[in-house]
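Observations on the three-dimensional arrangement
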Amino acid sequence: MTDFRTGARANNPGMTDLMKAISESDIAALATYIAGLQLQ
Ligand code: HEM
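First things first, this report covers the structure right here in the doc. (Residues numbered from 1 in each chain as written. Predicted model: local features only at pLDDT ≥ 70, side-chain atom pairs only at ≥ 80, totals over all residues. Heavy atoms only, no water.)

Right, let's talk about the coordination of the iron atom of the ligand for a bit. In an ideal octahedron of six donors the angles at the metal are 90 or 180 degrees, and in an ideal tetrahedron of four donors they are 109.5 degrees. Protein coordination of the iron atom of the ligand is limited to a single donor, Met15 (SD), which sits 2.2 Å from the metal. Along the chain, Met15 turns up in helix α2 (residues 13-21). (Donors = N, O, S within 2.8 Å, 3.2 Å for Na, K, Ca; no water. Helix = DSSP H or I, 4+ residues; strand = E, 2+ residues; numbered from the N terminus.)

Turning next to the site of the ligand. By nearness alone, every residue bordering the ligand is listed as Met1, Phe4, Arg9, Asn11, Asn12, Gly14, Met15, Leu18, Met19, Leu30 and Ile34. Interatomic distance of 2.7 Å between a side-chain N/O atom of Arg9 and an oxygen atom of the ligand. Going through the elements one at a time, α2 and α3 (24-36) are the ones with two or more residues in the shell around the ligand. Ranked by residue count, the leading element in the shell around the ligand is α2, at four residues. A per-class count over the shell around the ligand returns seven nonpolar, three polar and one charged. (Near = heavy atom within 4 Å. Polar contact = N/O pair within 3.5 Å; in protein donor to acceptor, adjacent residues only side chain to side chain. Nonpolar A, V, L, I, M, F, W, Y, C, P; charged D, E, K, R; others polar.)

This is the structure:
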């Protein structure tokens, strides 16, 4: 997510726009949430 925000990953403009629109602390909260998801 941070790489999209900085432009290090640039293959999806929607993803880049979204990650630039939210704060770094929002990204940290999303990362914590995503890391806690489990496949059945
Ligand atoms: C809250 C919303 C979103 C979150 C938390 C999120 C999160 C992520 C994360 C963590 C990755 C990296 C996955 C990996 O490297 O394995 C990713 C990749 C990606 N995201 Fe998002 N995303 C969101 C919304 C969107 C939206 C709105 C779009 C399209 C308009 C999008 C398009 C993509 C694409 C195409 C990739 C893969 C790029 C690649 O394969 O290199 N995402 N996203």
